[in-house]
Amino acid sequence: MCGIVAAAAQRDVAPLLIAGLKALEYRGYDSAGLAVLEAGEIRRVRAKGKVREMESLYLAEPFPGGTGIAHTRWATHGAPSEANAHPHIAGRVALVHNGIIENYASLRSELQARGHVFTSETDTEVMAALIEEQIGKGHGLREAVLNTVRALEGAYAIAVISRDEPGRVVGARRGAPLLIGVGIGEHFLGSDAQALIKITNKIVYLDEDDVADITRDSMQVFGLDGQPVDRTVHESELSADAVERGEYRHYMQKEIFEQPRAVADTLEARIGPQGVLPNIFGVDGEALLKRVRGLHIIACGTSYHAGLVAKYWIEEYARLPVSVEVASEYRYREAVVPDDTLFIAISQSGETADTLAAMRESRRRGYLGTLAICNVPESSAVREADLKLMTRAGPEIGVASTKAFTTQLTALALLTLQLARQRGLDDARYSDLCAQLQHLPRAIENASPACAFSWPWGAVSGSAGRLAQAQGNFIHPRRSLSCRRAETWPTGLGR
Ligand code: HGA
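Residues numbered from 1 in each chain as written. Predicted model: local features only at pLDDT ≥ 70, side-chain atom pairs only at ≥ 80, totals over all residues. Heavy atoms only, no water.

Asks: Got a sec to walk through the overall build of the chain? Specific residues and values, please.
Replies: Helices and strands together make up the secondary structure of the chain, namely 15 helices and 23 strands. For the chain, the proportion of its 495 residues judged to be buried stands at 56%. Considering only intrachain contacts with a sequence separation of at least 6, the fraction spanning at least 24 residues in the chain is 69%. For the chain, the computed accessible surface area is about 20,300 Å², with 49% contributed by carbon and sulfur atoms. (Helix = DSSP H or I, 4+ residues; strand = E, 2+ residues; numbered from the N terminus. Buried < 20%, exposed > 50% of the residue type's maximum accessible area, 1.4 Å probe, protein only. Contact = heavy atoms within 4.5 Å. Areas by Shrake-Rupley, 256 points an atom, 1.4 Å probe, with all protein chains shown as cover.)

Asks: Now, about the confidence of the model for the chain: what can you tell me, with residues and values included?
Replies: Put simply, the chain has an average pLDDT of 89, and 88% of its residues get 70 or more. In this model, residues 459-495 is a region of pLDDT below 50 whose contacts with residues beyond four sequence positions or in other chains number 82 contacts. (pLDDT = per-residue confidence, 0-100.)

Asks: Tell me about the site of the ligand, residues and numbers included.
Replies: In the neighbourhood of the ligand, 16 residues make up the surrounding shell, with Arg73, Thr76, His86, Gly99 and Asp123 lying closest. Here Thr72 contributes a backbone N or O atom positioned 3.4 Å from an oxygen atom of the ligand. The separation between an oxygen atom of the ligand and a polar main-chain atom of His77 is 3.0 Å. Protein contact buries 99% of the 320 Å² of open area that the ligand shows by itself. When contributions to the shell around the ligand are tallied by element, the ones reaching two or more residues are strand 4 (67-73) and strand 6 (93-101). (Near = heavy atom within 4 Å. Polar contact = N/O pair within 3.5 Å; in protein donor to acceptor, adjacent residues only side chain to side chain.)

Asks: Tell me what's going on with the packing of aromatic side chains, and back it up with residues and numbers.
Replies: Within this structure, the stated rule accounts for 4 aromatic pairs. Arranged with centres 5.1 Å apart and planes meeting at 75 degrees, the rings of Phe343 and Tyr367 form a pair that is edge-to-face. With a gap of 24 residues between them, Phe343 in strand 19 (residues 341-347) and Tyr367 in the loop between helix 11 (353-362) and strand 20 (369-374) connect regions that are remote in the sequence. Under the relative-accessibility criterion, Phe343 is labelled buried at 0%. (Phe/Tyr/Trp six-rings, centres within 6.5 Å; stacked < 30°, edge-to-face > 60°.)

Asks: Which residues make up the packing of helix 4 (residues 125-136) against helix 5 (residues 141-149), and what are the values?
Replies: One way to put it is that helix 4 packs onto helix 5 with a least axis distance of 8 Å and a crossing angle of 125 degrees. By the angle between their axes, helix 4 is oblique relative to helix 5. Pair helix 4 / helix 5 crosses with right-handed handedness. Seen from helix 4, the contacting residues are Met127, Leu130, Ile131, Gln134 and Ile135; seen from helix 5, they are Leu141, Ala144, Val145, Asn147 and Thr148. Considering only residue class, the contact of helix 4 with helix 5 consists of 7 nonpolar, 3 polar and no charged. (Axes fitted to C-alpha atoms, helices over the stretch in contact; angles between N-to-C directions. Parallel < 35°, antiparallel > 145°, perpendicular 65-115°, else oblique. Left-handed = near helix turned anticlockwise from the far one by under 90°. Nonpolar A, V, L, I, M, F, W, Y, C, P; charged D, E, K, R; others polar.)

Asks: If you had to explain the sheet that holds strand 19 to someone new, which residues and values would you point to?
Replies: The strand order 18-17-19-20-21 describes an open sheet built from 5 strands, whose pairing is parallel. Each edge of the sheet is formed by a strand with only one pairing partner; in this case those strands are strand 18 (322-326) and strand 21 (387-390). Shown here is a sheet whose adjacent strand axes are inclined to one another by a mean of 20 degrees, direction ignored. As paired elements, strand 17 (residues 294-299) and strand 18 share 5 bridges and run parallel to each other. Bridge pairing in strand 18 places Leu295 opposite Val322. Packing of helix 11 onto the sheet brings it into contact with strand 17, strand 19 and strand 20, and relative to strand 19 it is tilted by some 160 degrees. Contacts between helix 13 (residues 403-422) and the sheet are confined to strand 17, strand 19, strand 20 and strand 21, with strand 19 contributing the most and set at about 165 degrees to the helix. (Pairing = 2+ DSSP bridges.)

Asks: Help me get a handle on the sheet that holds strand 2 (residues 31-38), residues and values and all.
Replies: Here 8 strands make up an open sheet; going across it, the order is 3-2-4-1-10-9-11-14 and the pairing antiparallel. In this open sheet, the two edge strands, each paired with only one partner strand, are strand 3 (41-48) and strand 14 (234-235). For strand 9 (residues 179-182) and strand 10 (residues 187-190), the ladder comprises 4 bridges, and the chain directions are antiparallel. Counterpart to Gly181 in the pairing with strand 10 is Phe188.

Asks: Account for the side chain of Glu165, with residues named and values stated.
Replies: Mapped onto the fold, Glu165 is located in the loop between strand 7 (154-162) and strand 8 (169-174). The exposure class of Glu165 is buried, given its relative accessible area of 17%. Glu165 has contacts with Leu37, Gly140 and Leu141, leaving out every residue within four places of it along the chain.

Asks: Residue-level account of the environment of Glu268, with values.
Replies: Counting through the fold element by element, Glu268 comes out in the loop between helix 7 (259-267) and strand 15 (271-272). Looking at Glu268, the relative accessible area reads 49%, which means it is partly exposed. Between the C-alpha atoms of Glu268 and Gln438, which are 170 residues apart in sequence, the distance is 9.3 Å.

Asks: Please provide a residue-by-residue account of the nonpolar core, values included.
Replies: Counting residues in each nonpolar core, the largest one holds 48 residues, and the members touching the most others are Leu295, Ile314, Ile344 and Leu415. Broken down by element, the residue count for this core peaks at 10 residues, all from helix 13. Once residues lying within four places of it in the same chain are set aside, the contact partners of Leu415 are Phe281, Leu289, Leu295, Ile314, Ile344 and Leu371. By size, the runner-up hydrophobic cluster in this structure holds 29 residues, among which are Cys2, Leu34, Val51 and Ala193. (Core = buried A, V, L, I, M, F, W, Y, C linked by side-chain atoms within 4.5 Å.)

Set out below in structure tokens:
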């Protein structure tokens, strides 16, 4: 899913929207567009290709306006093209959408039967048409959005404007992230805090099925039943610098060299001279982990591979059975859940749709509890889990994971130690492993220039090992050296 940025402000918003889209470019996309509402008129610009291509079209004929919505699209329904790019307009309504509407085909046929003419091949356009229809029946924009999303199946984050309601943007989410940015005399919507962080760090993370209504000087959130709900304003710790590339040739290179810091941050205040600190997984963490008799790890992609490594560690040191499964499979089978099994969801973003769906399904299946290992504190996975351990990797922009993966392994190493200790791992071995884990940031630092390294309790093998090896093939930014040799763990404990 790609990007949404929207604004209700006192100043012209198009430049802010374009800057927000640029901050989301790292997610990949095939087209971009924006629409601005001014003096009862909606002006729109869309282009296939890069944000800068859309920006040049805008700059050739700029338009003012304090209310607007913008989008980077990664096509799921209909080819990448200008006609399919968002925003989509139906009558007086313009809308941008991340996600997939699963019942769009039947909704589209019904709308066509009622005379609606579609101009794109997207699933998204049915939402614009339905909202326009609702407004035609006399509903305000917010109510029109509420009535529309109740009829949808699938996943969406949307931002909508209407010619009839200048100064207002309505957003809604289900299965795709959306948040409000609180500025001074202005409000924003974004699919990711990174889109807004240069404007504001005051963020309201919307929950599933929330509908947000923003104007310049107001912000309200409603449940699907139309009743107002309270949502907290958080101060995001994301810094604008965290997404700057600095001296590095590309983000992946920067992130490789951030690993010692990220791993150190993940260990900070979680392990000390006596070992793993109590309750690092949450208030009742220690007690709950004591009761665990087996673990079920669910994740996708890189996180799944972190889970595969952790299985070896946990089975060896804590002597607990671990199964690891790709999240997209989990909810389509009737898994047997032995008594006292802990469900572990690993996700960098905490918004991975299949992992979240599996987490929700797990609630029905009688687990002892759920633990989320995640990099985004305000994410859905963290909010919904009983226990949590945050990796502290910071934003990872490179598509091939580096520091997000190694910090997941660090978190899983802490979990292994905690479980092993509770199950009688002898003092000497426990202390030795704790000391090695604490030494890890230094060991990675020493492995610079970016050599593949062995983890203290065994080389990372298989695809995880290949990933570490690939990391080693990058050129050091200052010394211009490349290193392809596998470094052994300094204490000689690598297997
Ligand atoms: N399904 C919609 C939106 C895809 C998306 O999330 N893009 O960011 C489409 O294909 O246009």
